[in-house]
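In case you want the letters, here they are:
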Amino acid sequence: RAARSTVTAITVALGAIAAVPALAQTATYAPFQGPVRAFPNHAFRGTLVVTSLADATIDGNKLLLAPAFKLYNPQNMAVRPNTMLDQNLTVNYVIEKSTGRVHAAWILNSQEVAIKRASADKGFWASLFN
């Protein structure tokens, strides 16, 4: 009985260790590095207003949210988009090139707002060829 429980414990531990690299490869995140996070190079700046669970506006342009949309607060913790309905949020955001939907957005703190970043004023189709 002791040998069986030991084998089970080792199997569970190895399964958990094997899952960690897979999570690291698929995650979209901006690591917290002091007062300013490191954002993806292709992230744009804009004013996000979540209007429902499926749509939002960015700088007045209506966009759909991706099914796996992630919204991060200034402490880099994921928050539910429905808790931020109808609020003007200054964000850096990433759009899925294949669907044109908003994939992730990070609500900025005052230090991050001070750092200049491009906005997506060229439109979705122009960003496909960057």
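Within each chain, residues carry numbers counting from 1 in the order of the written sequence. Reporting of local features is limited, given that this is a predicted model, to residues whose pLDDT is at least 70; pairs of side-chain atoms are given and counted only at 80 or more, and all residues count toward the totals for whole chains, interfaces and linings. Only heavy atoms go into the side-chain values, all of them from the structure, while hydrogens and water stay out.

Looking at the pairing of strand β5 (residues 61-72)
Counted only if it meets this: Each pair of strands is called paired provided DSSP finds at least two bridges between the two strands. Secondary structure elements are defined from DSSP: runs of H or I of at least 4 residues count as helices, runs of E of at least 2 residues count as strands, and each element is numbered from the N terminus.
Bridge count between strand β4 (residues 55-58) and β5: four bridges; the pairing is antiparallel. Within β5, the residue paired with Thr 57 across the bridge is Lys 62. Hairpin connection of β4 to β5: two residues between the antiparallel strands, including Asp 59 at a positive phi of 55°. Pairing of β5 with strand β8 (residues 102-107) involves four bridges; the strand directions are parallel. Bridging across to β8, Leu 71 finds its partner in Ala 105. Pairing geometry for β5 and strand β6 (residues 78-79), over two bridges, is antiparallel. Paired with Leu 71 across the strands is Val 79, a residue of β6. Hairpin geometry of β5 and β6 is characterised by an intervening segment of five residues between the two adjacent antiparallel strands and by a positive phi of about 70° at Asn 76.

Details of the environment of Ala 38
Heads up, the condition is: Three exposure classes are used, based on accessible area relative to the maximum for each residue type with a 1.4 Å probe and protein chains only: buried under 20%, partly exposed in between, and exposed over 50%.
Tracing the backbone shows Ala 38 in the loop between β2 (36-37) and β3 (44-50). Residue Ala 38 is classed as partly exposed on the basis of its relative accessible area of 31%.

Things to note about the environment of Ala 43
Inspection of the secondary structure assignment puts Ala 43 in the loop between β2 and β3. For Ala 43, a relative accessible area of 4% translates into the label buried. Along the backbone, Ala 43 and Val 91 are 48 residues apart, and their C-alpha atoms lie at a distance of 9.5 Å.

Let's talk about the pairing of β4
Taken together, the three bridges between β3 and β4 define a ladder with antiparallel strand orientation. Note that in β4 the partner of Val 49 across the bridge is Thr 57. What sits between the antiparallel neighbours β3 and β4 is a turn of four residues.

Quick word on the pattern of salt bridges
Threshold: Put simply, a salt bridge is a Lys or Arg side-chain nitrogen that is within 4 Å of an Asp or Glu carboxyl oxygen.
What the rule picks out here adds up to one salt bridge. Where Glu 112 meets Arg 37, a salt bridge forms, and the shortest distance between an N and an O atom there is 2.8 Å. One end of the pair, Glu 112, is in helix α2 (residues 110-114); the other, Arg 37, is in strand β2, and 75 residues separate them in sequence. Comparing Glu 112 with Arg 37, the two get one shared label, buried.

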